[in-house]
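Residue strings, one per chain:
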Amino acid sequence: MLELRNVDTGYGTFQALFGASLEVRLGEAVGVIGPNGAGKTTLMRVISGLIRPTAGQVLWEGTDLATVPAHRIVELGIAHVPEHRRLFPRMTVEDNLRMGAFMPAARPKFAQRLEFVYGLFPRMKERRNQLAGTMSGGEQQMCAIGRALMSDPRILLMDEPSAGLAPVIVQQVFELVRRIRESGLTVLIVEQNVQQVLKVVDRAYLLEAGTIRMSGTAAELSASDTIREAYLGV
Amino acid sequence: MNAIPKGKAGLWAAAAAALVILPLAWGSPYPMHIMITILIWSFAYTSWSMMGRFGLVSLGHGGFMGVGAYVTALAWNNLGLSPWLGIPLGLLCAALLALVVAWPCFRFRITGHYFALVTLALSGIVLQVIVATRGLTGGSLGYTPDRVPGGSSIIAFQFTDKSTWYLIALAVWAMGLVIWYAVQHSMMRYALEAISEDEDAAAAAGVNVTAEKLKITVISAMMTALSGALYCQYQMFVSPDSVSGIAISLQMVFAVVVGGIYVALGPTIGAVITILLGEGLRIGFGPAAVGWDNLIYGLLLVIFIIFLPQGILGSIMSVWRRNTARAAA
Amino acid sequence: MGFFDIFLVEALVNGLLLGGVLALLALGLNLIFGVIDVAWICYAELVMFGMYAMYYFVIVFGLSYWVAAPMAIALIGVMGVLLHVLVIAPLLGTAPINQLLATGGVLFFLQSLATVAFGIDFRNLGIRLPTLEVAEVFVSYARLLAFGAALTGMLALWLFLTRTYTGTAIRAIAQDREIMALMGVDTRRVYVITSAVGGALAGLASCLLVLQYDVHPFVGLSFGPITFMICVMGGLGNMIGGFIAAFIFAEIISIGGLYLDLEWGYVFAFVFFIAMMFVRPEGLLARRS
C-alpha cells in the first residue's frame with residue numbers, strides 16, 4: 001500500500017535520511033522507533049510531501065508521490081498527525097476538525113465524520129466550542145488525531161503521539177491507537193516510547209542516524225538484544 | 001572592504017582632485033546644478049542607508065529631512081538665527097524626534113513591518129504638521145528663507161555662486177562617505193550586524209540592542225536633517241512635498257535599493273540614476289513628463305527588488321569580486 | 001475642508017461614522033497581513049483607484065451608483081490579485097522587508113499612473129446627499145450610508161471567515177502556515193483569494209469615501225498613514241484590535257479637528273499613537289506569546 005524505496009532527503013546541505021526503505025501493507029499497524037534526531041519526523045514529512053526525496057521513491061499503491069503537490073496527498077487518503085500536534089490554537093475544536101475536512105471530497109461527509117470522531121472522542125464533543133489551545137495536552141492530541149480522521153483517510157501517519165504527555169495520558173493515547181487500528185485503519189506510527197509502541201503495532205523498523213537498522217515483527221524486535229539494551233532498558 | 005593598497009592611493013587622490021577641479025573648470029551652470037543636486041541627494045540617501053543596511057528600514061526619513069529644512073529656515077526668518085546655529089538646531093530637533101519615535105520601538109522590539117509602518121506614519125505626520133501650521137510655514141504652498149541683500153552671505157549661509165555650493169555639497173557628500181566608512185570599521189557595525197541577524201542572540205552576547213539601534217538611528221536622522229537644510233539653503237525654497245512625506249521616504253529607499261544598499265557608493269549611484277532619469281524625462285518630454293518619472297521609479301523599484309536586490313553597484317561588485325577571486329585562485 | 005461641524009456631539013457622531021470606514025480599511029490591511037504576512041503599503045492607493053473607477057463609471061459612463069459600486073469592488077479585488085501575483089508572490093521566499101518595499105514601489109507607481117492617466121484635478125461624483133437632523137445634530141446621509149455599508153461589509157467578511165471552509169482556512173493559515181498542506185489546503189490559492197478579498201474591501205471603502213471626498217492622485221496619503229497607525233496599534237493582523245483602534249483614532253481626529261484644523265486631528269492621533277506605544281507596545285489587544 002505504502003512503500004519507501006531507498007529514500008534520501010534532507011534540509012539544505014543537511015541530509016536526514018540515507019536510503020530509507022520501508023513498507024506498510026493494508027490493514028497493518030507499523031511502528032518506526034529510534035532515538036531523537038534519527039530522522040523519524042523527516043520520514044513522516046517525506047511521505048506527506050512536506051519535503052521531497054532527493055533520491056529514491058515514495059510509492060502509494062504503486063504510483064510515485066514525487067510529482068503530487070503536498071496539498072493533494074491528503075486527497076489520496078494519507079492523513080498526517082504532525083509532531084507536537086500543531087492544532088490551530090486560537091480556533092475552536094470544531095473549527096480545527098472542519099479544517100481536517102477541508103478537501104472537497106470530505107466536505108459532503110463532514111457531519112458523518114464529525115459524528116464518527118465525536119463517537120471516538122466524546123470529550124471532543126463536550127469541548128467543541130472551546131479554543132483548541134486552551135485544552136490539556138492529552139485533549140489536544142485527541143483533537144489532532146480527530147482532525148486527521150476527518151478526511152476519512154486510508155492510512156494514518158502519527159508522529160510521536162505520546163511526546164510531552166503525562167504517563168497516565170500516554171497510556172490513554174496508546175489505547176486510542178489500538179482502537180483506531182481495530183477500526184480497520186492502516187497506521188504508521190513513529191515513537192520514542194518503544195515499549196508502548198511495540199505493544200500496539202504488528203511490525204516495526206528501527207531508524208538510527210537516518211538509516212533503517214533493523215526491521216521485524218513487534219515480537220521479534222522486543223526480543224532483540226540491541227533493542228532491549230538500547231531502548232527498553234533491560 | 002579591504003584597506004586600500006599603496007598603488008591605488010594615487011588613483012583615489014587623482015579621482016578626488018578631478019571631482020574638485022573639473023566641474024569648477026567647466027563652470028557651466030546647468031551641469032553644475034545637476035551635480036550639486038546629485039551630491040545633496042546622495043548624502044541624503046547615504047544617510048538612509050546607514051541604518052537601512054542593518055535591516056532597520058525606516059520610512060520616516062522624509063520627516064527628518066523636512067525637520068532639518070524647515071527648522072533652519074524658520075529660525076532664520078523668525079528669530080534671525082544664522083543657519084550656522086539653525087542647522088545644528090534642526091539636527092537636534094531631528095535627533096529628538098528620532099529618539100521619541102525610535103526609543104519605544106526598539107525598547108519594545110518593534111521591528112520589521114511594524115517599524116516600517118510606524119516610521120511611515122511619522123513621515124506622513126511631519127508633512128501634516130507643516131501643512132497644519134500654514135500660518136508659520138506657508139503650508140503646502142512652500143516656504144522661502146529671507147534673502148540677504150546682495151544674495152551672498154556666509155552668516156546667512158546663502159550663496160549665489162554655484163561653485164561655492166558645489167564645494168559645500170562635495171564636502172558634505174564626502175563627509176557622508178567618511179561616516180559610512182567609520183561605521184563600517186567600528187565595533188558598532190558588528191553589533192548591528194549581529195542584531196540584524198538575531199536580536200536575542202546579540203543581546204545574549206552582551207550587545208545593548210536598544211542603545212546600538214538608537215545610536216545609528218540618531219546618526220542617520222541627523223545626517224538626513226542636514227541634507228534637508230542644505231537642500232533648502234541651496235534651492236532657497238522648500239515645500240512639504242519636496243522634503244517631507246511618504247514620497248520622499250520612498251524615494252530614498254528606491255535610490256538606495258537601485259544603487260546598492262550594502263556598498264558605500266551605492267546610494268550615490270542611486271542618486272545619479274534617479275536624478276538623471278528625472279532630468280532626462282523633463283528635458284525630453286517637457287511638462288508632459290509630470291508623473292512619468294515617479295511611474296518609472298515605482299516600476300523599477302519593484303523590478304529591482306524582485307530581480308536585482310543587491311542593486312546595480314552591489315551586483316557589479318559581487319560579480320567583480322567573484323571574478324577576481326577566481327583569477328586569484 | 002468643512003467636514004467637521006461646530007458641535008461636540010456632532011463631532012462625536014461623525015467620529016463614530018468615520019470610524020466605520022477606517023475600521024473597514026484597517027480590516028483589509030489586517031487580513032492581508034495576518035494571512036500573507038505582508039503589509040501592503042499601497043493599500044490606500046488601491047482605494048484611490050477605486051474612487052477613480054467610481055468617478056469614471058458614474059460620471060463618464062453614466063452608470064448608476066448602485067451598478068458602479070459592485071463593479072468598482074470587483075475591479076479593485078482584481079487589482080489585489082494582480083498585486084499579489086505580480087509583486088508579492090515572487091518575493092514570498094525573501095526577506096519580508098523586500099515585500100514591504102516592493103509595495104512601496106507600487107504606491108509610487110499607482111500614484112504616478114493616476115497623475116499621468118487622470119491628471120491632478122480634484123474630481124467628485126457630484127452627488128449631494130441630504131443631511132439628517134436629529135435633536136439639532138446634523139449628520140449627513142453620506143456618512144450614515146458609509147457607516148452602515150462598512151459595518152455590513154465587515155459582517156459579511158466575518159460570516160465568510162467563520163462559516164465557510166475557505167474562510168476557516170484563511171483564519172487557520174495565520175496560526176500555522178506550514179501544516180496547511182496536511183489539511184489539503186493549497187496556501188498559494190488561499191493567498192490569492194485573500195488578496196482578492198483584501199482588494200474588494202479597499203474597493204468597498206472607495207465606494208463609500210467617494211461620496212464624501214474628492215478624488216485626486218494623492219488622496220491616499222490623507223488616510224494611508226492613519227490606517228497604518230490603526231493597524232499597528234490594534235496589533236498587525238489582529239482584526240478586533242484594529243476595529244477598536246479605528247474608532248479611537250476616528251474620535252481623536254474628529255474632536256481634534258473640531259477645535260483646530262483637520263491636520264491637527266491627525267497630529268493628535270499620532271501623538272496619542274506614540275504615547276500608546278510606551279504603554280501598550282504590542283498593540284491594544286496584544287496576545288503575549
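Anything mentioned here points back to the structure above.
Computed from a predicted model, the values in this text were never measured in an experiment.

Caption draft 1: Region of interest: the interface of chain A and chain C. Facing the 23 residues of chain A at the interface are 20 residues of chain C. Between chain A and chain C, the buried area comes to about 2300 Å², and carbon and sulfur atoms account for 62% of it. Looking at the side of chain A facing chain C, the largest losses of area belong to His71, Arg90 and Phe102 of chain A, adding up to 28% of the total buried there. Connecting chain A to chain C are four salt bridges. Between Asp176 of chain C and Arg86 of chain A there is a salt bridge whose closest N-O contact spans 2.6 Å. Counting across the interface, chain A meets chain C through five residue pairs in polar contact (both at pLDDT 80 or more). Where the side of chain A that touches chain C is concerned, the elements lending two or more residues are helix H2 (70–73) and helix H3 (93–100) of chain A. The greatest single-element share of the side of chain A that touches chain C, amounting to four residues, is contributed by H3 of chain A. Of the residues assigned to the side of chain A that touches chain C, the class counts are twelve nonpolar, four polar and seven charged.

Caption draft 2: Inspection of the packing of aromatic side chains at higher detail. Scanning the entire structure with this criterion turns up 24 aromatic pairs over all chains. On the numbers, 6.3 Å between centres and 40 degrees between planes, the contact of Trp40 of chain C with Tyr43 of chain C is tilted. Judged by centre distance (5.4 Å) and plane angle (90 degrees), the rings of Tyr55 of chain C and Tyr56 of chain C are edge-to-face. Classification of Tyr55 of chain C by relative accessible area gives buried; the value is 12%. The exposure class of Tyr56 of chain C is partly exposed, given its relative accessible area of 23%. These aromatic residues form a ring-pair network of at least three members: Trp84, Phe157, Phe159, Trp165 and Tyr234 of chain B. Above the face of the Phe102 of chain A ring, Arg107 of chain A is positioned so that its terminal group lies 4.7 Å from the ring centre. Over the aromatic face of Trp180 of chain B sits the side chain of Arg53 of chain B, whose NZ or CZ is 4.3 Å from the ring centroid.

The rules behind these values
Residues numbered from 1 in each chain as written. Chains lettered and ligands numbered in written order. Predicted model: local features only at pLDDT ≥ 70, side-chain atom pairs only at ≥ 80, totals over all residues. Heavy atoms only, no water. Contact = heavy atoms within 4.5 Å. Buried area = accessible area lost by both parts, 1.4 Å probe. Salt bridge = Lys/Arg side-chain N within 4 Å of Asp/Glu carboxyl O. Polar contact = N/O pair within 3.5 Å; in protein donor to acceptor, adjacent residues only side chain to side chain. Helix = DSSP H or I, 4+ residues; strand = E, 2+ residues; numbered from the N terminus. Nonpolar A, V, L, I, M, F, W, Y, C, P; charged D, E, K, R; others polar. Phe/Tyr/Trp six-rings, centres within 6.5 Å; stacked < 30°, edge-to-face > 60°. Buried < 20%, exposed > 50% of the residue type's maximum accessible area, 1.4 Å probe, protein only. Lys NZ or Arg CZ within 6 Å of the ring centre and 35° of its normal.

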